Amino acid sequence: SNSTTEDEATVTITDNDLSVEVSIEATTQAAEDATNGLFTISVDKELSTDLTVDLILSGTATDGTDMNTMATSVTIPAGDFSVTTPVTVISDAIAEGNETVILTLGANTGAPTGVTVSNSTTEDEATVTITDNDLAVEVSIETTTQAAEDATNGLFTISVDKELSTDLTINLTL
């Protein structure tokens, strides 16, 4: 009698983790002279390769003046779910008000073959506010030159105790 036995079998495992979403959040707000800010960039599934995420900077803070130069991209290492990038505040004595640092997710590269990586549609932008510590400005007036009839015009000097980032209008009452 002829009998045959099969001692090999093939099983195909279909990966259901082929779609990965990237998000960003402001995890620490900033304050002059006290606290640096922090952004966290995350993926919702672990990747087997490093993922580079481009970042687009906007906001009212000036890169390199109000904070150290910001990163233009970050790399989430293979096997990790997130990475952070700091907002390292540069303190000044300018009364400029609170300023914002906004990071928006850009293009990403490095995903494993067959994996689609997309940016979150609801968490694709985050804002760190740098709270200014120079908001109280003192205005003073003093007589610089006394007036004398038919000879000398009087002169007042008006001063502020801090550098200002915008013009200041002072109304005088006689």
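K.L.:
So what about the overall build of the protein chain? Which residues, and what values?
P.N.:
Helix and strand counts for the protein chain stand at 0 helices and 13 strands. Along the protein chain, helices and strands appear, N-terminal first, in the series β-β-β-β-β-β-β-β-β-β-β-β-β. Taking 16 Å as the expected radius of gyration for a compact globule of 174 residues, we find that the protein chain reaches 29 Å, considerably beyond that expectation. If one aligns the C-alpha atoms of the protein chain with their principal axes, the spans along those axes are about 140 × 25 × 20 Å.

K.L.:
I'd like to hear about the nonpolar core, residue by residue, with values.
P.N.:
Of all hydrophobic cores here, the largest spans 26 residues; its most connected members are Phe 39, Ile 41 and Val 53. With near-sequence residues (within four places) excluded, Ile 41 lies in contact with Val 22, Ser 23, Ile 24, Val 53, Leu 55, Val 74, Ile 76, Phe 81, Ser 82, Val 83, Thr 85 and Leu 105.

K.L.:
Kindly report on the sheet that holds strand 3 (residues 37-43), identifying the contributing residues and their values.
P.N.:
Whenever strands of a sheet pair, they do so through backbone hydrogen bonds, lying parallel or antiparallel. Read from one edge of the open sheet, 4 strands run 6-3-1-9, paired in mixed fashion. The open sheet is flanked by strand 6 (82-87) and strand 9 (116-119), the only strands paired with a single partner. Adjacent strand axes in the sheet meet at a mean angle of 25 degrees when their direction is disregarded. Here strand 3 runs beside strand 6; their pairing, made up of 6 bridges, is antiparallel. Within strand 6, the residue paired with Ile 41 across the bridge is Val 83.

K.L.:
Please set out the pattern of salt bridges residue by residue, giving values where relevant.
P.N.:
What the rule picks out here adds up to 1 salt bridge. Among the ionic pairs, Asp 44 bridges to Lys 45, the shortest N-O distance being 3.9 Å. Judged by its relative accessible area of 43%, Asp 44 is partly exposed. Judged by its relative accessible area of 25%, Lys 45 is partly exposed.

K.L.:
Give a detailed account of a nonpolar patch on the surface, specifying residues and quantitative values.
P.N.:
The grouping of Val 137, Val 139, Ile 141, Phe 156, Ile 158, Val 160, Leu 168, Ile 170 and Leu 172 at the surface amounts to a nonpolar patch, some 760 Å² of accessible area in total. Counting residues per element, the ones that place at least two in the nonpolar patch are strand 11 (139-145) and strand 12 (155-160). Take the nonpolar patch: its biggest share by element is 3 residues, from strand 12. Within the secondary structure, Val 160 sits in strand 12.

K.L.:
Outline unusual backbone geometry, listing residues and values.
P.N.:
Despite not being glycine, Asp 33 has its phi angle at roughly 65 degrees, a positive value. Following the sequence through the fold, Asp 33 ends up in the loop between strand 2 (30-31) and strand 3. One non-glycine residue, Asp 150, lies in positive phi territory at about 60 degrees. With respect to the helices and strands, Asp 150 occurs in the loop between strand 11 and strand 12. A residue is classified by how much of its surface remains accessible, and Asp 150, at 81% relative accessible area, is exposed.

K.L.:
Residues and numbers for the sheet that holds strand 10 (residues 125-131), please.
P.N.:
The strand order across the open sheet built from 5 strands is 2-10-8-4-5, with neighbouring strands paired in mixed fashion. Each end of this open sheet is capped by a strand with a single partner; those strands are strand 2 and strand 5 (73-76). Here strand 2 pairs with strand 10 via 2 bridges, running parallel. Across the sheet, the residue bridging to Ala 31 is Thr 131, located in strand 10.

The rules we used
- Residues numbered from 1 in each chain as written.
- Predicted model: local features only at pLDDT ≥ 70, side-chain atom pairs only at ≥ 80, totals over all residues.
- Heavy atoms only, no water.
- Helix = DSSP H or I, 4+ residues; strand = E, 2+ residues; numbered from the N terminus.
- Rg over C-alpha atoms; globule rule 2.2 N^0.38 Å.
- Core = buried A, V, L, I, M, F, W, Y, C linked by side-chain atoms within 4.5 Å.
- Buried < 20%, exposed > 50% of the residue type's maximum accessible area, 1.4 Å probe, protein only.
- Contact = heavy atoms within 4.5 Å.
- Pairing = 2+ DSSP bridges.
- Axes fitted to C-alpha atoms, helices over the stretch in contact; angles between N-to-C directions.
- Salt bridge = Lys/Arg side-chain N within 4 Å of Asp/Glu carboxyl O.
- Patch = residues over 30% accessible without salt bridge, like charges linked within 9 Å, V, L, I, M, F, W, Y side chains within 5 Å.
- Areas by Shrake-Rupley, 256 points an atom, 1.4 Å probe, with all protein chains shown as cover.

The values reported here are purely geometric and, on their own, carry no functional implication.
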